[in-house]
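# Analysis of the macromolecular model
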Amino acid sequence: MVKKRLRQGGGGGGGGGGGEETQKEKVCMASSDVRDRSKQPNIVLVVADDYGYNDISYHGSRIRTPNLERLANHGVKLENYYVQPICTPSRCQLMSGRYQIHTGLQHSIIWPGQPNGLPLDSPTLADKLREAGYATHAVGKWHLGMYKKEFLPTNRGFDSFYGLYLGSGDHYSHRSCLGPGCGLDLHNNTEPDFSKDQVPEKYTEQYQDIPNKARRKFAGMVTCMDEGITVEIVQPSDGTKEKVLQD
């Protein structure tokens with residue numbers, strides 16, 4: 001509609017009056033759009049692999065997740081909600097909004113030497129958020145293709161990425177041993193990174209009563225994750241704020 005008015009103003013017999021007015025309208029519309037975007041809420045999407053029904057405290061789990069429980073109590077609990085049993089199919093559905101049989105990623109994970117990835121004709125959630133004016137950043141696991149640079153997260157809608165391209169990576173050595181060989185898998189955007197990040201002992205020490213070592217480590221990682229997930233919730237009744245997500 002703005003372009004149509006500009007053409008009409010420029011071609012009229014009265015000179016630039018109509019065009020000048022339309023230009024003002026265009027500036028006002030642009031200013032309004034900037035203001036509207038500044039009011040958009042921040043979106044934090046947390047995805048935890050292999051996270052089950054019995055891994056959150058309000059289901060009676062041994063694992064302590066007070067922040068996640070507070071978030072759930074102030075939000076919506078999806079008690080009958082299912083995802084795929086392994087990471088790549090689940091992630092491709094989340095990122096593309098398409099069932100995995102439509103992206104060719106329904107069979108298994110993407111292995112290191114496998115020339116596969118989320119099809120480039122499938123816009124991602126990050127692409128759509130960018131279109132809405134958001135800055136987009138991803139931290140953690142990708143596992144949606146890395147055999148060509150076009151499939152990397154910074155080419156699929158994310159402004160920045162820090163994490164691993166594949167799965168089963170060790171957070172201390174940053175080595176992933178999927179398939180026949182092992183290799184470094186920690187990246188800052190597209191460059192390899194050698195820093196350390198794994199659950200500290202103070203979290204696993206809370207679960208010494210869990211006999212299974214893998215489950216004990218998992219419990220510590222969940223509690224560590226929970227500690228980092230908090231948001232500010234405003235109570236509508238009196239306007240008070242409850243701090244539930246910190247930077």
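Residues numbered from 1 in each chain as written. Predicted model: local features only at pLDDT ≥ 70, side-chain atom pairs only at ≥ 80, totals over all residues. Heavy atoms only, no water.

### So, helix α3 (residues 66-73)
Of all the positions in α3, only N67, L68 and A72 are classed as buried. Looking straight down α3, one finds that the buried residues subtend no more than 140° of arc, so they occupy a single side. The elements touched by buried residues of α3 are α7 (213-228). (Buried < 20%, exposed > 50% of the residue type's maximum accessible area, 1.4 Å probe, protein only. Helix = DSSP H or I, 4+ residues; strand = E, 2+ residues; numbered from the N terminus. Arc of directions from axis to C-beta. Contact = heavy atoms within 4.5 Å.)

### Quick word on the packing of aromatic side chains
Aromatic ring pairs are reported here in terms of the distance separating the ring centres and the angle at which the planes meet. Considering all chains together, one arrives at 3 aromatic pairs under this definition. Relative to Y165, the ring of F161 lies with its centre 5.8 Å away and its plane at 20°, an arrangement referred to as stacked. Residue classification places F161 among the buried positions, given a relative accessible area of 2%. Judged by relative accessible area, Y165 falls into the buried class, the value being 5%. Looking at K77, its charged tip hangs above the ring of Y58, at a distance of 4.2 Å from the centre. (Phe/Tyr/Trp six-rings, centres within 6.5 Å; stacked < 30°, edge-to-face > 60°. Lys NZ or Arg CZ within 6 Å of the ring centre and 35° of its normal.)

### Description of the pattern of salt bridges
Counting across every chain of the model gives 4 salt bridges. Put simply, R215 and D55 hold a salt bridge, and the shortest N to O gap is 2.8 Å. Residue R215 is found in helix α7, and its partner D55 is found in the loop between α2 (17-38) and α3; the two are separated by 160 residues along the sequence. D159 is the salt-bridge partner of R130, the closest N and O atoms lying 2.7 Å from each other. In this pair, R130 sits in helix α5 (residues 125-131) while D159 sits in the loop between β1 (137-141) and β2 (160-164), placing the two residues 29 residues apart along the sequence. (Salt bridge = Lys/Arg side-chain N within 4 Å of Asp/Glu carboxyl O.)

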